[in-house]
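What follows is the residue order along each chain.
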Amino acid sequence: MGTAAAATTRLLLHHHAAAGSERYRAQQLRYSASPFPLSLRSRSGRRDAAAGALLPDRVTPFSYGTDDDADDHPREECGLVGVVGDPDAASLCYLGLQKLQHRGEEGAGIVAVGGDGKLKSVTGLGLVADVFGDPARLASLPGPAAIGHVRYSTAGAAASLRNVQPFLAGYRFGQVAVAHNGNLVNYQALRNKLEARGSIFNTSSDTEVILHLIATSLSRPLLARVCDACERLAGAYSLLFLTADKMFAVRDPHGFRPLVMGRRRNGAVVFASETCALDLIDATYEREVQPGEVVVVDRRDMSVASACLVPHRPRRACVFEHIYFALPNSVVFSHAVHERRTAFGRALAEESPAPTADVVIPVPDSGFYAALGFARASGLEFQQGLIRWHYSGRSFIQPTQAIRDLAVKLKLAPVRGVIRGKSVVVVDDSLVRGTTSSKIVRLLRDAGAREVHMRIASPPVVGSCLYGIDTPSEGELISNRMDLEGVRREIGCDSLAFLSLDKLHGIYGDEAGDYCDACFSKNYPVLPTVPEPVVELEEA
Ligand code: SF4
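Residues numbered from 1 in each chain as written. Predicted model: local features only at pLDDT ≥ 70, side-chain atom pairs only at ≥ 80, totals over all residues. Heavy atoms only, no water.

*Asks:* Would you mind going over the site of the ligand in detail, with residue names and values included?
*Replies:* Within the structure, the ligand sits among Arg257, Cys318, Val319, Phe320, Cys465, Tyr467, Ile469, Cys516, Asp517, Ala518 and Cys519. For the shell around the ligand, the secondary-structure elements that each account for two or more residues are α9 (319-325) and α18 (518-521). Considering only residue class, the shell around the ligand consists of nine nonpolar, no polar and two charged. (Near = heavy atom within 4 Å. Helix = DSSP H or I, 4+ residues; strand = E, 2+ residues; numbered from the N terminus. Nonpolar A, V, L, I, M, F, W, Y, C, P; charged D, E, K, R; others polar.)

What follows is the structure in structure tokens.
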């Protein structure tokens, strides 16, 4: 990790949106960055130069997919919603979180500011509807501003309520709550440094260091403290902060994870990870929070201000948001997700057609638009040949392989009339460990498919994500372990093809360089930083 510039300036723009004016005021803040010598630490705490070189503490191969053989996808780790300027802010956050449930199913929470200016928190483990199933819980969060969060667990935290966000803390100037989507690659370095200075941590989450950095910042106005804290972070972060009178929305300078801003008809400002949450609560999409931008909404006059973080980095939005994570009815990074996926499928058909096929079927639900694009481009019939059953919940602990195979059919079932006697192209959005794909091929053959041609609407996944996506270790990635023919044999299909990285770039044209594709290319935009050795102190 390089050293930040010793002294640079930040342009601060104030946009008084409540009055609808375009009045900007420029102000300069000075910032003096301190360098962080950094080192790597594996999750277990052992130093491991080879593995550690790419794996920060929050990459969680151990937990990946072990409980769900019917789903072989990386998992988004978090979703955010914030509402300011609406008397039902917490209820709107609740609805928005429901819409973002796909971004995190293991815990949810909302922090709201009441009329008395006090922040209150409700968090719990489980789905949003479970956490807020008791109406009294939402009713305990009245007030005009709230932020909400859904999450997947990270290492060592699967059942820990302590790690469920938003985090709420008090510091000497009041209360502040934070909700985070992403992963900090210098978390351990920052935490070591803070602990050496006496900070006490309550959770094992990287997000907590942000609160400590705000509390210990020497800057005075909260905006300057937030900027000061964020400028010390490396990696991926889309953040929402809530205080008694303000909400801050921040995106890291690379812009890895999405964060959008919208407005309700009553003037309430809404932030969310995806536009589908805005749609649900009748908020009109206005724009993305830009990479490196800090948007501040003051709930007292509903003024909106914007500042930028000092580090300017090349934009590196996560291309996997378009491939798999985001809902198809969302607009992410200014692109309609369903259009991107249809384009991936079209390009795949051009690059790797299946000339002997009779019918194209998607792996539901995420392969739907790519399969549609493939079918249209190749002039083949498009059919729903697999049905995903949504009610089975989490897989039970399956004692034998035979029972595990039956359990897969609980979630994915073939439509025999579509498949029997046909040469089938089955299109999936991505291929990670390959475990589900081999089961799908078996299901299709058992249902009478004459040939099964698998087409993957993204390049082979060869690297773990460092930026907030729960991916397996590199050793578990099937395309890292074997070549294309080896993967085909392992899966058992008649032919296999991936969308090439070049073709993927071609779809984005001039924008291609604005996207992170490290899990396909291993070109990591920012590497984990190396913590200083921890000095062990003896208790007096
Ligand atoms: S490594 Fe892959 S999943 Fe992670 S941010 Fe980059 S593109 Fe997204």
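Following the structure, the description resumes.
*Asks:* An account of the packing of helix α10 (residues 337-351) against helix α11 (residues 368-378) is needed here, citing residue identities and associated values.
*Replies:* Following both chains from N to C, one finds α10 and α11 inclined at 45°, their axes separated by 6 Å at the closest point. Compared by their axis directions, α10 and α11 come out oblique. Crossing geometry of α10 relative to α11 is assigned as right-handed. Contacts from His338, Arg341, Thr342, Gly345, Arg346, Leu348 and Ala349 of α10 reach α11 at Tyr369, Ala370, Gly373, Phe374, Arg376, Ala377 and Ser378. (Axes fitted to C-alpha atoms, helices over the stretch in contact; angles between N-to-C directions. Parallel < 35°, antiparallel > 145°, perpendicular 65-115°, else oblique. Left-handed = near helix turned anticlockwise from the far one by under 90°. Contact = heavy atoms within 4.5 Å.)

*Asks:* Which residues make up α11, and what values do they have?
*Replies:* Within α11, burial applies to Ala370, Ala371, Leu372, Gly373, Phe374 and Ala375. As for α11, its buried residues are in contact with α10, β20 (359-362), β21 (381-382), β24 (423-428) and β25 (451-456). Note on α11: the residue one or two positions beyond its end, Gly379, has a positive phi of about 70°. (Buried < 20%, exposed > 50% of the residue type's maximum accessible area, 1.4 Å probe, protein only.)

*Asks:* Which residues make up the pairing of strand β15 (residues 293-298), and what are the values?
*Replies:* Burial of β15 is extensive: six of the six residues sit out of reach of the surface. In β15, alternate side chains face the same way, and those of Glu293, Val295 and Val297 on one face and Val294, Val296 and Asp298 on the other are all buried. With five bridges connecting them, strand β11 (residues 246-251) and β15 associate as antiparallel partners. In the strand pairing of β15, Val250 is matched with Val294. The pairing of β15 with strand β16 (residues 303-308) spans six bridges and is antiparallel. Residue Val296 lies in a different strand from β16, and its bridge partner there is Ala305. (Pairing = 2+ DSSP bridges.)

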